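In case you want the letters, here they are:
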Amino acid sequence: MLVAINGADESRVEAGNAVKGPSFTCPGCKAPVTLAKGRIRRPYFGHRPGAACSYAALETWEHQQAKEDFAAAYRARGLECDVEIEVLSIDGDRRADVLLHAPDDAYHVVLEVQNSPLDYTALEVRTTAYLSAGVPVIWVPILIRKRLDNVQRITGTNIYHVSHFSAPPWQFWIHDLQGGLWYYDPVVRGVWRGLLDDCMLYRNPTSWFADGDEHSAGGHWYSSERWSSLFLEGPFDLSRLRVKRVKRPGRKRRTYRLPGGIGADFLLVDDPRDYTMPVRIGSTKANGPGDFHYYRVERRIDDQWVGASLEASVLPDIALTEG
Ligand SMILES: [Zn+2]
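Predicted, not measured: the structure shown is a model, and the values here were computed from it.

What counts as what
Residues numbered from 1 in each chain as written. Predicted model: local features only at pLDDT ≥ 70, side-chain atom pairs only at ≥ 80, totals over all residues. Heavy atoms only, no water. Phe/Tyr/Trp six-rings, centres within 6.5 Å; stacked < 30°, edge-to-face > 60°. Helix = DSSP H or I, 4+ residues; strand = E, 2+ residues; numbered from the N terminus. Buried < 20%, exposed > 50% of the residue type's maximum accessible area, 1.4 Å probe, protein only. Pairing = 2+ DSSP bridges. Axes fitted to C-alpha atoms, helices over the stretch in contact; angles between N-to-C directions. Contact = heavy atoms within 4.5 Å.

Regarding the packing of aromatic side chains
Phase 1: Counted by the stated rule, this structure contains six aromatic pairs.
Phase 2: Geometrically, the ring pair formed by Tyr160 and Trp192 is edge-to-face, given 5.5 Å between the ring centres and 80° between the ring planes. Taken as a pair, Tyr160 in strand β11 (residues 159-165) and Trp192 in strand β13 (residues 190-203) lie far apart in primary sequence, 32 residues in all.
Phase 3: Tyr160 sits in the buried class, given a relative accessible area of 2%.
Phase 4: For Trp192, a relative accessible area of 0% corresponds to the buried category.
Phase 5: Aromatic rings pair up to connect Phe70, Trp182, Tyr184 and Phe266 into one cluster.

What to know about the sheet that holds strand β6 (residues 81-86)
The strands that make up a sheet are held in pairs by hydrogen bonds between backbone atoms, and each pair lies either parallel or antiparallel.
Phase 1: Taken in spatial order, the four strands of this open sheet run β6-β7-β8-β9, and their pairing is mixed. Of all the strands in the sheet, the pair left with one neighbour each is β6 and β9 (137-141). Each neighbouring strand pair of the sheet contributes to a mean axis angle of 30°, computed without reference to strand direction.
Phase 2: With five bridges joining them, β6 and strand β7 (residues 95-101) adopt antiparallel strand pairing. Looking at the pairing, Cys81 lines up with Leu100 of β7.
Phase 3: Strand contacts of helix α1 (residues 61-75): β6, β7, β8 (108-114) and β9, with the helix running at about 135° to β6, the strand carrying the most contacts.

See below:
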């Protein structure tokens with residue numbers, strides 16, 4: 001927990017700015033909490049053992065760091081934001097991870113950092129509650145690098161392809177709502193633009209004899225149930241993110257519902273890319289997995305369209321270590 005109430009003046013205080021001395025209480029259950037300032041972990045407030053409070057759940061350091069980084073990047077631009085502030089009247093934990101104030105408080109946008117599984121209903125209930133409160137939410141999953149095997153980089157881009165990615169169901173929900181994903185990367189403390197796609201696999205043909213006849217099966221491409229493919233572009237520094245509001249229609253996808261209304265999304269300033277995310281073309285059971293096409297945007301220079309299509313080849317495995 002990053003925020004507590006300072007007993008001296010009843011003000012909200014963030015652990016990073018707090019000094020030991022005054023008594024601190026939990027904004028939820030009002031019980032005393034302790035400021036923990038260790039040498040390794042970042043400062044936080046902790047409940048007494050066994051506290052029955054929905055705010056008492058331990059969170060991962062990645063989650064805590066994400067909230068602090070997003071808040072710090074936003075404040076560095078001279079803008080206001082709150083961490084772990086209550087904005088909703090729904091059951092359970094009513095805190096938003098980060099609440100961004102637009103200039104002059106024209107509107108607010110919530111960032112929800114997500115690290116643990118959430119079912120579709122919980123995502124829908126929470127997103128709808130934010131929508132009805134007039135506060136759009138951007139869901140930000142945390143990128144777990146050890147789940148990324150066999151990473152390849154697409155030539156000429158800063159796009160990486162993970163061919164066999166085990167995408168948690170809740171990430172699909174966010175992906176479909178927002179038309180893509182923005183992953184927070186706790187290692188470089190930046191974000192990646194993410195795109196999920198089908199993972200196409202080939203089933204080898206087999207044939208056998210039974211009852212004097214030859215039978216055969218397989219020999220076709222299919223979309224994997226277990227795997228997805230993931231494209232990651234980045235990483236981008238948090239200082240380059242801007243927030244925009246977008247209007248979304250309510251939609252049905254796969255087995256779930258995506259609420260419509262005024263939502264929000266990130267925008268990247270000084271977007272350096274002159275290419276688009278890959279597009280898969282011509283993927284059917286009949287003609288194979290399809291090809292990935294990467295496009296460079298054509299630019300008009302001295303009355304001439306200048307453009308080049310990118311190679312759709314990939315480099316050998318590399319680690320996502322570049323800053
Ligand atoms: Zn509490």
